[in-house]
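# Survey of secondary and tertiary structure
Chain residues, written in single-letter form:
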Amino acid sequence: MVQKYQSPIRVYKQPFELVMEAYERRFPTCHLIPMFVDSEVLEETKSEDGSLHQVQRRCKLDVDAPRLLKRIAGVDYVYFSQENTLNKRERTLHIESHNETFSNRVIIHELCSYSAHPENDDWTCFEQSASLDIKSFFGFESTVEKIAMKQYASSIKKGKEIIEFYLNQLEEEGITHVPRWTPSLDAPSSSVTTKPICATPKVLHLELPVTPAVSIPVSTDANHHEIANASNNDANQSDATSNDANSQPDNQTENQTGTPDDKLDADYIKRYLGDLTPLQESCLIRLRQWLQESHKGKTLALTPSSPSSPPFQIPKDEHILRFLRARDFNMEKAREILCQSLTWRKQHQVDYLLETWTSPQVLNDYYTGGWHHHDKEGRPLYILRLGQMDTKGLVRALGEESLLRHVLSINEEGLRRCEENTKVFGRPISCWTCLVDLEGLNMRHLWRPGVKALLRIIEVVEANYPETLGRLLILRAPRVFPVLWTLVSPFIDENTRKKFLIYAGNDYQGPGGLLDYIDKEVIPDFLGGECMCEVPEGGLVPKSLYRTAEELENEDISLWTETIYQSASVFKGAPHEVGIEIIDASSVITWDFDVCKGDVVFHIYHSKRAPQPPRKDPLVGQHSSITTPGGNNVQLIDKSWTLGRDYSMVESPLTCKEGESVQGSHVTRWPGFYILQWRFHTMPGSASTNLPRVDDVLASLQVSSHKCKVMYYTEVIGSEDFRGSMTSLESSHSGFSQLSHATSSSNHSQSSSMISR
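Along each chain, the written sequence defines residue order, and numbers are assigned to residues from 1. Local features in this predicted model are restricted to residues whose pLDDT is 70 or higher, and side-chain atom pairs enter the listing and the counts only when it is 80 or higher, whereas totals over whole chains, interfaces and linings include all residues. Only hydrogens and water are set aside; all other atoms, that is, all heavy atoms of the structure, feed into the side-chain values.

## A short note on the overall build of the protein chain
- For the purposes of this entry, the term helix denotes a DSSP run of H or I that reaches at least four residues, the term strand denotes a run of E that reaches at least two, and both are numbered from the N terminus. Within the protein chain one finds 18 helices and 25 strands.
- Between buried and exposed lies partly exposed: a residue is buried under 20% and exposed over 50% of the maximum accessible area for its type, with that area taken using a 1.4 Å probe on protein chains only. Counting across all 757 residues of the protein chain, residues that qualify as buried make up 51%.
- Contacts are assigned to residue pairs with any non-hydrogen atoms lying within 4.5 Å of each other. Considering only contacts within the protein chain whose residues lie at least 6 apart along the sequence, 77% involve residues at least 24 apart.
- Accessible area of the protein chain: about 36900 Å², with a carbon and sulfur share of 50%. With residues, only the protein chains shown are counted as cover, and all accessible areas are computed by Shrake-Rupley using a 1.4 Å probe.

## Regarding the side chain of threonine 422
- Structurally, threonine 422 is set in helix H13 (residues 391–425).
- A relative accessible area of 5% means that threonine 422 is categorised as buried.
- Not counting residues up to four positions away in its chain, the partners in contact with threonine 422 are Arg271, Tyr272, Arg427, Pro428 and Ile429.

## Thoughts on the pattern of salt bridges
- A carboxyl oxygen of Asp or Glu within 4 Å of a side-chain nitrogen of Lys or Arg is what we treat as a salt bridge. Tallied over the full model, the rule gives 27 salt bridges.
- Here lysine 135 and aspartate 133 are joined by a salt bridge, their closest N and O atoms 2.8 Å apart.
- Overall, the relative accessible area of 52% leaves lysine 135 in the exposed class.
- A relative accessible area of 9% places aspartate 133 in the buried class.
- One salt bridge connects arginine 417 with glutamate 413, and the closest N-O pair in it is separated by 3.0 Å. With arginine 417 and glutamate 413 both in helix H13 and 4 residues apart, this pair spans about one turn of that helix.
- Looking at glutamate 413, the relative accessible area reads 15%, which means it is buried.
- Ionic contacts of the salt-bridge type, sharing partners, join the residues Asp375, Glu377, Arg379 and Arg471 into one network.

## Side note on the packing of aromatic side chains
- Note on aromatic pairs: the rings of Phe, Tyr and Trp (six-membered ring only in Trp) are paired at centre separations within 6.5 Å, and the planes decide the class, stacked below 30 degrees, edge-to-face beyond 60, tilted for the rest. For the structure shown, the criterion picks out 18 aromatic pairs.
- A centroid spacing of 6.2 Å and a plane angle of 85° characterise the contact between phenylalanine 27 and phenylalanine 36, whose relative ring orientation is edge-to-face.
- Consider the rings of phenylalanine 165 and tyrosine 166, whose centres lie 5.2 Å apart with planes at 75°: the pair is edge-to-face.
- For phenylalanine 165, a relative accessible area of 32% translates into the label partly exposed.
- Every member of this aromatic cluster is reached through a ring pair, and the members are Tyr23, Phe27, Phe36, Tyr114 and Phe126.
- Lying over the aromatic face of phenylalanine 27, arginine 57 brings its terminal NZ or CZ to 3.7 Å of the ring centre. We call a charge positioned above a ring when the Lys NZ or Arg CZ atom is no farther than 6 Å from the ring centre and deviates by at most 35 degrees from the ring normal.

## What to know about the nonpolar core
- Among buried residues, the Ala, Val, Leu, Ile, Met, Phe, Trp, Tyr and Cys ones that are joined through side-chain atoms within 4.5 Å form a nonpolar core. Counting residues in each nonpolar core, the largest one holds 54 residues, and the members touching the most others are Tyr367, Leu394, Leu403 and Leu438.
- In terms of residue count, H13 provides more of this core than any other element does, 11 residues in total.

## Observations regarding the sheet that holds strand E17 (residues 600–607)
- Spatially, 4 strands are ordered E15-E22-E17-E20 in an open sheet, and the strand pairing comes out antiparallel. Bordering the open sheet on either side are strand E15 (576–582) and strand E20 (648–656), each of which pairs with just one other strand. Averaged over all neighbouring strand pairs, the angle between strand axes comes to 15°, with direction disregarded.
- Of the strand pairs in this sheet, E17 and E20 are connected by 6 bridges, and their pairing is antiparallel. By the bridge assignment, valine 601 is partnered in E20 with threonine 655. A pair of strands counts as paired when DSSP detects no fewer than two bridges linking them. A fitted line through C-alpha atoms serves as each axis, taken over the contacting stretch for helices, and the angle formed by two N-to-C directions is quoted from 0 to 180°.

## Concerning unusual backbone geometry
- Between phenylalanine 27 and proline 28 the backbone carries a cis peptide bond, its omega angle lying at 5°.
- Tracing the backbone through its elements, the reader meets proline 28 in the loop between helix H1 (16–24) and strand E3 (36–46).
- For arginine 91, which is not a glycine, the phi torsion comes out positive at approximately 60°.
- Mapping arginine 91 onto the fold places it in the loop between strand E5 (78–87) and strand E6 (92–99).

## A look at the sheet that holds strand E13 (residues 500–504)
- Read across the open sheet, the 5 strands follow the order E9-E10-E11-E12-E13; overall the sheet is mixed. Whereas interior strands pair on both sides, the edge strands pair on one side only; in this sheet they are strand E9 (369–374) and E13. Strand-to-strand twist in this sheet, taken as the mean axis angle between neighbours without regard to direction, amounts to 20°.
- Both strand E12 (residues 469–477) and E13 contribute to a ladder of 4 bridges, which runs parallel. Within E13, the residue paired with isoleucine 474 across the bridge is isoleucine 502.
- Each of E9, strand E10 (380–384) and strand E11 (432–437) is contacted by H13, which is oriented at about 5° to E9, the strand it contacts most.

## Topic: the packing of H13 against helix H14 (residues 448–464)
- The contact between H13 and H14 brings their axes to 11 Å, and the two run at 10°. By the criterion of interaxial angle, the relationship of H13 to H14 is roughly parallel. Where H13 approaches H14, its residues Thr391, Glu400, Leu403, Leu404, Val407, Leu408 and Asn411 are matched on the opposing element by Gly450, Ala453, Arg456, Ile457, Val460 and Val461.
- Amino acids outside the nonpolar list (Ala, Val, Leu, Ile, Met, Phe, Trp, Tyr, Cys, Pro) and the charged list (Asp, Glu, Lys, Arg) are all regarded as polar, and Gly is one of them. In terms of residue class, the contact of H13 with H14 is built from 8 nonpolar, 3 polar and 2 charged. Reported orientations rely on four angle classes, namely roughly parallel under 35 degrees, roughly antiparallel over 145, roughly perpendicular from 65 to 115, and oblique for the rest.

## Let's talk about helix H7 (residues 266–273)
- For H7, the complete set of buried residues consists of Ala266, Tyr268, Ile269, Tyr272 and Leu273. End-on, the buried residues of H7 take up no more than an arc of 155°, which puts them together on one face. Taking the helix axis as origin, the arc is that swept by the directions to the C-beta atoms.

## Brief notes about the confidence of the model for the protein chain
- Per-residue confidence from the predictor is given as pLDDT, running between 0 and 100. Confidence in the prediction of the protein chain, expressed as mean pLDDT, is 77, and 75% of residues score 70 or more.
- Per-residue pLDDT, averaged within each element of the protein chain, yields its smallest value for strand E24 (residues 736–739) (26) and its largest for E10 (96).
- Note that residues 190–261 has pLDDT below 50 and, in this model, 142 contacts with residues that lie over four places away or in other chains.
- Between residues 723–757, whose pLDDT stays under 50, and residues either more than four places distant or in other chains, the model counts 88 contacts.

## A few points about the side chain of histidine 606
- Its location among the elements puts histidine 606 in strand E17.
- Under this definition, polar contacts are N or O atom pairs within 3.5 Å; protein pairs additionally need one hydrogen-donor-capable and one acceptor-capable atom, and for neighbouring residues in sequence, both atoms have to be side-chain atoms. Here the side chain of histidine 606 touches proline 671 through a polar contact of 3.0 Å, landing on its backbone oxygen.
- Apart from the residues lying within four places of it in its own chain, the contact partners of histidine 606 are Tyr647, Ser648, Val650, Trp670, Pro671, Gly672, Phe673 and Tyr674.

## As for helix H9 (residues 317–326)
- Counting buried residues in H9 gives 9 out of 10 residues, a clear majority hidden from the surface.
- The complete set of buried residues in H9 reads Asp317, Glu318, His319, Ile320, Leu321, Arg322, Phe323, Leu324 and Ala326.
- Of the residues one or two after H9, aspartate 328 is the one with positive phi, at around 50°.

## A look at the environment of lysine 709
- On the secondary structure map, lysine 709 appears in strand E23 (residues 707–717).
- The buried category is assigned to lysine 709, whose relative accessible area is 17%.
- As a C-alpha pair, lysine 709 and asparagine 633 span 76 residues in sequence and 9.9 Å in three-dimensional space.

## Quick word on the environment of valine 710
- As for its placement among the helices and strands, valine 710 is situated in strand E23.
- Excluding its chain neighbours within four sequence positions, the residues that come into contact with valine 710 are Gln566, Ser567, Ala568, Asp594, Val595, Cys596, Val600 and Trp678.

Take a look at the structure:
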């Protein structure tokens, strides 16, 4: 595999001619580069007017490799060919190098370029790229690759230091200015007559060649603009050495930037992205360039009401870097997940979420989370009082879609706050700290649909906002927390889990606690601090705010293609049935449903025979399937089936009144097919057939009093994974009562149901 390197643009705040004077002092050898033993000039030519100077050198290197490897290779030194082309008229130096030793086994190709800064004549830019392709090396290909990458990274890091060393040496000698080349009046304008030394050798070329000096456009990134202004201020304080530089208008100075849109400046990286190794810088630059090249000319699709589409926007450098860090700077893996995330953002218009999303009032009142100052490292601080949150109430009142969209808006706001804090504190801040208070957490928070919704939200956030969580402080963790942690932790990235700090009881108040991470002045009042926290206190969401699946589906939100809850209609004479196939005995069928309208009777049946799928036409065959504006209605039990022969009841009927929430579980004893049935509850004495009739169904459609509505959720889990986590969330004016009914088959099954009124 070919290893590639692309450097950022490094800027020297000295004129090109002075930098060239310092560069020449590196030859014939440089004591600052121990591996650089010697060099000799093989050929040197100059143009008649002196504007073009070409030099071909042979460099001798003592590579720091194991002695055994050198003996196997049969060499003590490695030789490179270097071809330099200095164009004094254009103020550029192009350097091309390739290896002579083992050129049939290893191909190393390097391109470097010095050029005058296009926006400031008194500065010099440097750029570097290279490739390494090891065809074969006596079975030591991997070892040689590691040695080569290590030594190259070391030499890159020292490159700027060496030039600056010789610049300081020149200053000590009193050399602070080297005049620019100017054409002589009597000199001919012809160039070199000999063949150019820098002819392209037969080696592998980079896909990303060094670009010549071009006019750098104004960057749309505020960070680039700030660096430009800071750099220009430094330049304005120094003495000008060029009349052209002094004649620049002031407004042009304000718009100077350090790099073009497709380039990154080394100073910008250090200021806004942090300390990166040369290879990490290279990964960032190459991935950024790939995005620009692969999306050139493409546009972002806006909502249908938008009259135009803006050009594709490359993600911010901080965002690209997060994906690289999430995959340990493996560029291929990072590119894959980044492209998936960009597609997701484009599809759901996430880039415009903060401008288009308005939180429903129920979130403002009952979602117990919010931003609160920052931690000691300047990271934005988000507080979540999870123990005070009515998880079920929020899911039922908002749906998973709205809840997810709210969480995404929190993450988008977090990205924005990181950018702001980076500017305020003068150092890179790319993630935030989250403080989770678990006081009040109990078994009601282990309501399985809520946990499932949480896991789905975590999955979306992990995939699209990697490396955004700097630290997670979990306070006042109760005894039930390990159960929740067991359910959630497998869905959290390992690198993220390492950032979790968990405190039980009041441990957070002691040494190593909250004061180590958050200033005393901003500790919230509910944790014993003096700072008022505006995070809502939460409470139980009134059932009057609960919404049906149909009401939620009618909203223009489509982040998920499926919902946890299903909606069904139950008619007089036409129950709704759900079939579940059980392969392994002792599995656990769990359910959670709400009776939205009318009274129903809940049954569980078992059959060894597979029920036939319902037909689409309710007037044909023995099964019916009716879709109404109020939900679906499906019957699975065949009309010819006989209770006790073809199927059996495994639970006693449970009568549920309108407005009740029912949760429960059934441990299966046999494999086969289980049918959950919701039947219209008739008053005692009313005649009612056990099986549905099409005539009754059609008649009941015209009588609203003969119609019930339920919203339900079912799941099958292994008995070893079942932890009784279907316990109901207590709502207003509700009480818990354990319902146990003796059944004819109680010796064959186990069940538990919880009901809240």
